[in-house]
Every structure is written in C-alpha cells, then in structure tokens.
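In case you want the letters, here they are:
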Amino acid sequence: MRTTDRPSVALLHRPKRMRRHTAPGAPPGTLASPPGAEAPTVRVISYGESRMLERTLDTPEELAPMLDEFPVTWIDVDGLGDVGVITKLAAVLHLHPLALEDVLSSHQRSKVEQYENYRYIVIRMASMKDGALVTEQLNLFHGANFVATFQEQPGGDCFGPIRQRIRQGGSRVRSAGADYLMYALIDAVIDNYFPLIEKNGDLLEELEIEVIEAPAKTTPAKILGARHDLMQFRRAIWPLREALNTLLHDETKLIAAETRVYLRDCYDHVIQLIDMVETYREVAGGLMDVYLSSVSNRMNEVMKVLTVIATIFIPLSFVASLYGMNFDAGVSSWNMPELRWRYGYPFALGLMAAIMLGLLGYFWKKGWLGDGAPRDR
C-alpha cells in the first residue's frame, strides 16, 4: 500500500487507536461527538423514477417534507461534530438513542441491528490518505422510504458513481426502492476494497523480489507496513461477512426478494476479500522469515570469504615471519642458511604460492568455494 521509495519511518503508520468518547458508567444513549470532529453537512437526494431533487439542508426540519414527497430519500451526513444537528435529524427519522450513541462512537465493528421500522448497519470504509491506509466507520440507516448515512469525515467517500447514477434518469436505482439504494451503498464500499488490497498484493510481490535479490535496511519496515494494512483490512472485512449474512436472512419486508439476490452477490465478494486478505497475510508473515534468512545467508557468504582469506594468509604469515627473524647466518651454519642461498628469496615466494594454491584447491574440492557443492563425491 505504500510506495517502496518512501522513508522507513513513513512506512510504520499504525492503525488509529479506537477510544470510547463517553465516560465509563454513563447512562445508555449518552451522546458525545468524537474529539476533533467537524461540523456536519447534510446533503439530501430525493428521487423517484421520473424526477429527483438534490440539495444541502440548512436546518434538519427541512427534511420532513421531502420524506413525504418522494419515494426514496438519501440523507448523507458528513461530519459528526454537532450533536444538536444529529439529534434533530434523528427526531425526524425516529431513530433510537442507542443507535445514535453507536453513530458517534467510531470504534464499532461491522454489524446489523434490527429496529421496528428500520435497520441500522455499521460497515467500515477504507481509503488512502497521505500514503497511509485509513478506515472510517459508515453508519447506515435503512427505512421503508429513506436511507441515512453518517460519515466521520467530510468528503472522500466512494459514493460518487451512485450519486451520478441517481442524477441520470433511467437507471435501475431510480426505479427501485430504498432497499436497492442500501445495497448499492454497501456494494460500493465492498468494491472499493478490491483495488486497495490488490495494491497491497502488488507491494508484496515487489517485496518478495527485493527480499531475495537485494534486501535493504528499509525492507523490514516495508513488510511491517504491509502487515499493518492487512490487519486493518481483516478487522474491517471479517465482521462484514456476519453482517451481510444477517441481512440475507432478515425476514423483514424492508428488503425485497430481488434485492436479496444482489446482497448475496455482496456476500460472495466479501468471501473473496477474506480469501485475498488471508493469503496476503500468510505471504507477509513469511516475507520476514525469508528476509532474515536472506540476510543471514549473505552474512554467511561474507564470513566465508573472510575466513578463506584469513585461512590462506595464516600459513603465508608463518613463512614470512619465519624468514623475517634476525638470526646471524655468520655465527652458525644453522642460522637461516637460506639467506646465503642464491635462490632463497624465490624459494620463499614459491613456497607461499604453493601453500596458497594448495589451500584453494582443497577448499574447492570440499565445496567451500563456488556454489557450495562438494567435488570429492
């Protein structure tokens, strides 16, 4: 997920730590905006098969007439920084306080909760920001004639193609009900995972080549970065399978039988994503072992070369030091007789060369040089 030429420090972005925003022991339904959350922007798209209306609300009270006028209304809320606005929207849509508490708590896992007149669905959207993978909680309420989405951060979602399909007349989403819009939003979130995970897979393939051919000091950081991304994918996707399974077997009339066929397709895509994530996790886990083995092998090769060189020079150093002793040959005939010999110096050099060649031949025969295969079999 991260480019291979970035510094190693930038490759160790850890997942954002999940924290509760309400104090321990607070009453159920206590609402508190996430720290640093931006003020919400409420965009509404109301549509039917023949006409549609798109606008940004100034006050939540403007929503009520639109719900009665159009067959389907999509309320898209970007930002969770104003509890008052969210509470007023919930009053218009008759949303339960416990569901609102979960909306403002960004640590929720993917799930489906059933209420009398609507379904509350939590899924996590993935995106790339500043070269790092981030996941964002998407809260989706599906009623008989409306779909309400609450996003943590303004902009940057993957719903642009759906908005375009709604704006264009004659599309299936314009002629279908709110349940199809709910499916389309979930399908967009799931499909958005594929290119992100595939980029992670491409990075792992590059790392495999790098680990084998030219491991660098930054290689472990890149491997850990890929593993952190895969961990976030796993945390987001695994609970989504259970949530979709709940929707498929939900006997409510809010979801038509035809829409369940499309939801089943989403379920199949989630299974594919899980298989990809688990496969890449195994690859990433093995890459670190391969890297350590590769580095160890390179170190062994270096040590082998140095050992061979040192082993060769030990006897050469002995010969050189032997003939470097300052015994006077004139005092005794036993004192360095080679010093008075005409061929003493060539003899010493030849002896050194013979010892060196003999050792190299012995090392080669044992397979300690070259590819490591013994030649004496």
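Because the structure is a prediction, the values reported are computed rather than measured. (Residues numbered from 1 in each chain as written. Predicted model: local features only at pLDDT ≥ 70, side-chain atom pairs only at ≥ 80, totals over all residues. Heavy atoms only, no water.)

Enquirer: Please clarify how the overall build of the chain should be interpreted in this entry.
Expert: The helix and strand tally for the chain stands at nine helices and seven strands. Within the chain, the fraction of its 377 residues that count as buried is 42%. Looking at the chain alone, contacts between residues at least 24 apart form 66% of all its contacts between residues at least 6 apart. A total of about 20200 Å² of accessible surface is found on the chain, and carbon and sulfur atoms cover 56% of it. (Helix = DSSP H or I, 4+ residues; strand = E, 2+ residues; numbered from the N terminus. Buried < 20%, exposed > 50% of the residue type's maximum accessible area, 1.4 Å probe, protein only. Contact = heavy atoms within 4.5 Å. Areas by Shrake-Rupley, 256 points an atom, 1.4 Å probe, with all protein chains shown as cover.)

Enquirer: Would you mind showing me how to read the pairing of strand E6 (residues 132–143) here?
Expert: Note on strand geometry: in a regular strand, side chains alternate between the two faces of the sheet. Along E6, eleven of the twelve residues are buried, which leaves the element largely enclosed by surrounding structure. In terms of strand pairing, strand E5 (residues 118–129) meets E6 through twelve bridges, oriented antiparallel. Looking at the pairing, Ile123 lines up with Leu138 of E6. The turn linking E5 back onto E6 is made up of two residues, and Asp130 within it adopts a positive phi angle of 55°. Counting the residues between successive antiparallel strands, the hairpin from E6 to strand E7 (residues 146–151) contains two residues. (Pairing = 2+ DSSP bridges.)

Enquirer: Honestly, the packing of aromatic side chains in this entry has me stumped. Any pointers?
Expert: Here a ring pair, both rings aromatic, is described through the centre-centre distance and the interplanar angle of the planes. Scanning the entire structure with this criterion turns up twelve aromatic pairs. Here Trp74 and Phe159 contribute two aromatic rings whose centre-to-centre distance is 6.0 Å and whose plane-to-plane angle is 70°, an arrangement assigned as edge-to-face. Remark: Phe159 occurs in the loop between E7 and helix H4 (160–167) and Trp74 occurs in strand E3 (residues 72–78); sequence separation between them is 85 residues. Neither residue differs from the other here; Trp74 and Phe159 are each classed as buried. Judged by centre distance (5.1 Å) and plane angle (40°), the rings of Tyr183 and Tyr262 are tilted. Remark: Tyr262 occurs in helix H8 (residues 257–322) and Tyr183 occurs in helix H6 (residues 178–213); sequence separation between them is 79 residues. By relative accessible area, which is 9% here, Tyr183 ends up buried. Put simply, the rings of Tyr115, Tyr118, Tyr120, Phe141 and Phe150 pair up and form one aromatic cluster. (Phe/Tyr/Trp six-rings, centres within 6.5 Å; stacked < 30°, edge-to-face > 60°.)

Enquirer: What exactly am I supposed to notice about a nonpolar patch on the surface here?
Expert: Judged by side-chain polarity, Met299, Val302, Met303, Val305, Leu306, Ile309 and Phe313 come together as a nonpolar surface patch covering roughly 660 Å² of accessible area. Within the fold, Val305 resides in helix H8. Here Val305 falls in the partly exposed class, since its relative accessible area comes to 47%. (Patch = residues over 30% accessible without salt bridge, like charges linked within 9 Å, V, L, I, M, F, W, Y side chains within 5 Å. Salt bridge = Lys/Arg side-chain N within 4 Å of Asp/Glu carboxyl O.)

Enquirer: What exactly am I supposed to notice about the pairing of E5 here?
Expert: For E5, the buried fraction is high: ten of the twelve residues fall into the buried class. Once strand E4 (residues 111–114) ends, the chain turns through three residues before running back antiparallel as E5.

Enquirer: Looking at this structure, I do not really get the packing of H6 against helix H7 (residues 219–248). What am I missing?
Expert: For any two helices packed against each other, one specifies the crossing angle of their axes together with the interaxial distance. Interaxial distance between H6 and H7 falls to 10 Å at its minimum, and their mutual angle equals 155°. With respect to their mutual orientation, H6 and H7 come out roughly antiparallel. When you trace H6 past H7, the crossing you get is left-handed. In this structure, H6 contributes Met182, Ile186, Ile190, Tyr193, Leu196, Ile197, Asn200, Leu203, Leu204, Leu207, Glu210 and Val211 to the contact, and H7 contributes Thr219, Lys222, Ile223, Ala226, Asp229, Leu230, Phe233, Ala236, Ile237, Leu240, Leu244 and Leu247. Here the residues of the contact of H6 with H7 sort into 19 nonpolar, two polar and three charged. (Axes fitted to C-alpha atoms, helices over the stretch in contact; angles between N-to-C directions. Parallel < 35°, antiparallel > 145°, perpendicular 65-115°, else oblique. Left-handed = near helix turned anticlockwise from the far one by under 90°. Nonpolar A, V, L, I, M, F, W, Y, C, P; charged D, E, K, R; others polar.)

Read these as geometric descriptors, not functional statements.
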